[in-house]
Amino acid sequence: MKKKILEYINRYQMMLPGDVVCIGLSGGADSVYLLLLLQELVEELFLKLQAVHVNHGFRGDESAGDQVFVEQLCKERGVPLFVYDRLVGKLTTENHMGLEEAWRMMRWQAYQECLERHGATKIALAHHQKDVAETLLFHLSRGTSLPGMAAIRPVNGAIIRPLLCISREEIEHDLNNRGIVWRTDSTNMDHTYTRNGIRHRVIFYLEGRVNKQAVRHMAEAAGDLEAAGRFLQEEALKRMKELVLDRENCLIILEKFFMEPEILQGYIVLECLKRLAGSRKDFTRSHVSMVRELMSMQTGKRICLPYGITGIRDYHGVCLKADEGVGSQNLEPISLSESLVPVGSSARFFFGKYEVVCGIYERNDAIIPKKAYTKWLDYNKIKNDLLIRTRQQGDFLVIDQNGRRKKLKDYMINQKIPRDERDYIPLLASGTEIFWVVGYRISENCKIDNNTRHVMHIQITEGNTYYCENADNK
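Just so you know, the residues in each chain are numbered from 1, in the order the chain's sequence is written. Given that the model is predicted, a residue must reach a pLDDT of at least 70 before its local features are reported, and side-chain atom pairs must reach 80 or more before they are shown or counted; all residues, however, enter totals for whole chains, interfaces and linings. Side-chain metrics rest on all non-hydrogen atoms present in the structure, leaving aside hydrogens and water.

## Remarks on the sheet that holds strand β2 (residues 48-55)
- Here we have 6 strands laid out as an open sheet, ordered β3-β2-β1-β4-β6-β5, and mixed in their pairing. The open sheet has two edge strands with one neighbour each: β3 (81-85) and β5 (155-156).
- By definition, two strands form a pair when at least two bridges between them are found by DSSP. We count a stretch as a helix when DSSP gives it H or I for four or more residues in a row; a strand needs E for two or more, and each element gets its number in order from the N terminus. Here 5 bridges tie β2 to β3, and the two strands are oriented parallel to one another. By the bridge assignment, A51 is partnered in β3 with L81.
- Any two residues whose heavy atoms approach within 4.5 Å are treated as being in contact. Angles here are taken between N-to-C directions and fall from 0 to 180 degrees, while the axes themselves are lines fitted to C-alpha atoms, restricted in helices to the stretch in contact. Against the sheet, helix α2 (residues 29-45) touches β1 (20-24), β2 and β4 (122-124), its axis set at about 160° to β1.

Now the structure itself:
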């Protein structure tokens, strides 16, 4: 089990040496097992551990007992614990939301505070294969596409889930062999909660009457769907540079958009809507169909979409226009002028809304993948301090092996990067030399070759991405 989980952690690069990993600890079997497992891997992975427990007070004495159990467990094992005592009933009344949604909100708030105030760099949650299967069935039944069927991701920003490769039965079997006790939440048997009904009725039936390995098969399929969805999203972003014109508060989807595969069309439309609204929430398959159907209508026809977005058929294609003040088009400039990259060791820091993770490693024979927001550079070719910043006067890129330079401004024009986006794109720079235009290319001056001895791995993502999932804590 330990070897299997360690391989899974390494496959998804969940942790870097020096990470402070905060475990979401409810006291249930899954989270107790995650605590024990990560303690055994502390020295091997060079980690520091802490834990967070949210007492929502909904189950009275039982909730209080969970807190006492967790406090004693962490005390015995020398793990720092942060306890958040929040009344779920008050939150449901004040915000007019259901219990499950309120529980989820309280947990995410606690995780965010651990990241911002208590030095945590990763939040480890104890979801396992049955959670993946349950979420897959839930999303599929309500209506979803590939991102929803991917269910629960192994890594989502600072959120990591090391136990997704194993089953609940394996967890309980190992705990029983070790003589370790855990707490049982009585509400887990209440079928009035949707996910409990799926877990105890639908999945129980599938395992008993269809295939006893149904959960494992669904979890594996969700992994394949997540990889497929990620690939399609990256392809859609590439094609958008040719298919979508960016105008002030308006995105124009050109007619040649229809020459793309239908599944890519859906991803492109959703990305356009997300950019205008600032979120993908509330956009569904029907909204994508409305935009596609508008392309076949007469010039001047229009549709109304969520967040005050209007679709208008014009001579060029479909113009998606947001009402003034809606979405992400009215961005303020990034307040941080620059952030020094602490190269030489593994590090994680923030630049405005972006999370930056980097590290230096010995060169190996692994194939370097092509990714828009993760790069591998020849560290020995980088002579001076590196900064993450936005563009400045005089910036340039080295564009070929002969050292030929191109002004960053000219490069952005050639790439058809909209003018109002150019000031917001993060850059990896040394002086006026740009080593990486994030989301686009790297400089020829730092590419890995046969003489490379040390590799710099750097990943830049929007820092708020790890608060976007609708998955329950375990």
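Continuing now.
## A word on the nonpolar core
- By convention a nonpolar core is built from buried Ala, Val, Leu, Ile, Met, Phe, Trp, Tyr and Cys residues, the set being connected through side-chain atoms within 4.5 Å. Buried, partly exposed and exposed residues are distinguished by accessible area as a fraction of the type maximum, computed with a 1.4 Å probe on protein chains only: under 20%, between the cut-offs, and over 50%, respectively. In this structure, I5, I9, M15, V21, L38 and L163 are the most contacted members of the largest nonpolar core, which totals 40 residues.
- Of all elements in the fold, only α1 (2-11), β1, α2, β2, α3 (61-77), α8 (168-178) and α10 (214-243) reach the threshold of two or more residues within this core.
- No other element matches α2, which puts 10 residues into this core.
- With sequence-adjacent residues up to four places away left out, I9 is seen in contact with M14, M15, L38, L41, L45 and P162.

## Brief notes about the packing of helix α6 (residues 129-142) against helix α9 (residues 194-210)
- Close contact between α6 and α9 brings their axes to 10 Å; oriented N to C, the two are set at 105°. Overall, the two elements α6 and α9 adopt an arrangement that is roughly perpendicular. Between α6 and α9, the residues in contact are K130, A133, E134, T135, L137, F138 and H139 and T194, R195, I198, R199, V202, I203, L206 and E207, respectively. Here roughly perpendicular refers to angles of 65 to 115 degrees, roughly parallel to angles under 35, roughly antiparallel to angles over 145, and oblique to all remaining angles.

## Quick look at the state of the cysteines
- When two cysteine sulfur atoms lie within 2.5 Å, the pair is treated as a disulfide. As enumerated under the stated definition, the model contains 1 disulfide in all.
- A sulfur-sulfur separation of 2.2 Å characterises the disulfide bridge that pairs C250 with C319. Within this pair, whereas C250 is found in strand β8 (residues 250-254), its partner C319 is found in strand β11 (residues 317-322), the two being separated by 69 residues in sequence. The burial state of C250 is the same as that of C319; both residues are buried.

## Considering the pairing of strand β20 (residues 433-437)
- Burial analysis of β20 places 5 of its 5 residues in the buried class, the great majority of the element.
- Hairpin geometry of strand β19 (residues 427-430) and β20 is characterised by an intervening segment of 2 residues between the two adjacent antiparallel strands and by a positive phi of about 65° at G431.

## Here we look at the pattern of salt bridges
- Within this document, salt bridges are pairs made up of a side-chain nitrogen of Lys or Arg and a carboxyl oxygen of Asp or Glu, the two lying within 4 Å of each other. Under the criterion given, the structure shown has 24 salt bridges.
- In this structure, the salt-bridge partner of D395 is R389, at a minimum N-O distance of 2.7 Å.
- The class for D395 is buried, based on a relative accessible area of 4%.
- Accessibility expressed as a relative area gives 1% for R389, which makes it buried.
- As a salt-bridge pair, R441 and E444 come within 3.5 Å of each other at their nearest N and O atoms.
- The class for R441 is partly exposed, based on a relative accessible area of 22%.
- Among the charged side chains, a salt-bridge network with shared partners connects D30, R168 and E172.

## Let's talk about the packing of α2 against α3
- Across the interface, α2 lies against α3 with an axial gap of 12 Å and an inter-helix angle of 10°. With respect to their mutual orientation, α2 and α3 come out roughly parallel. On α3, the residues that touch V32, L35, L36 and Q39 of α2 are F69, L73 and R77.
- Here the residues of the contact of α2 with α3 sort into 5 nonpolar, 1 polar and 1 charged. In this count, Pro and Cys sit with the nonpolar residues alongside Ala, Val, Leu, Ile, Met, Phe, Trp and Tyr, while Asp, Glu, Lys and Arg are called charged and the others, Gly among them, polar.

## Some remarks on the packing of aromatic side chains
- Aromatic contacts are taken between Phe, Tyr and Trp rings whose centres are within 6.5 Å, Trp giving its six-membered ring; a plane angle under 30 degrees counts as stacked, one over 60 as edge-to-face, and the others as tilted. Summed over all chains, the structure comprises 3 aromatic pairs.
- With a centroid separation of 5.3 Å and an interplanar angle of 85°, the aromatic rings of W108 and Y111 are classed as edge-to-face. Taken together, the residues span about one helical turn, with W108 and Y111 both in helix α5 (residues 99-117) at a distance of 3 residues. Comparing W108 with Y111, the two get one shared label, buried.
- Note on F257 and F258: the rings are 5.6 Å apart at their centroids and 65° apart in plane angle, and the pair reads as edge-to-face.
- Note on F257: relative accessible area 1%, which makes it buried.
- Distance and angle both matter: a charge sits over a ring if NZ of Lys or CZ of Arg is within 6 Å of the ring centre and within 35 degrees of the ring normal. Here the basic side chain of R405 rests over the ring of F396, its NZ or CZ set 3.9 Å away from the ring centre.

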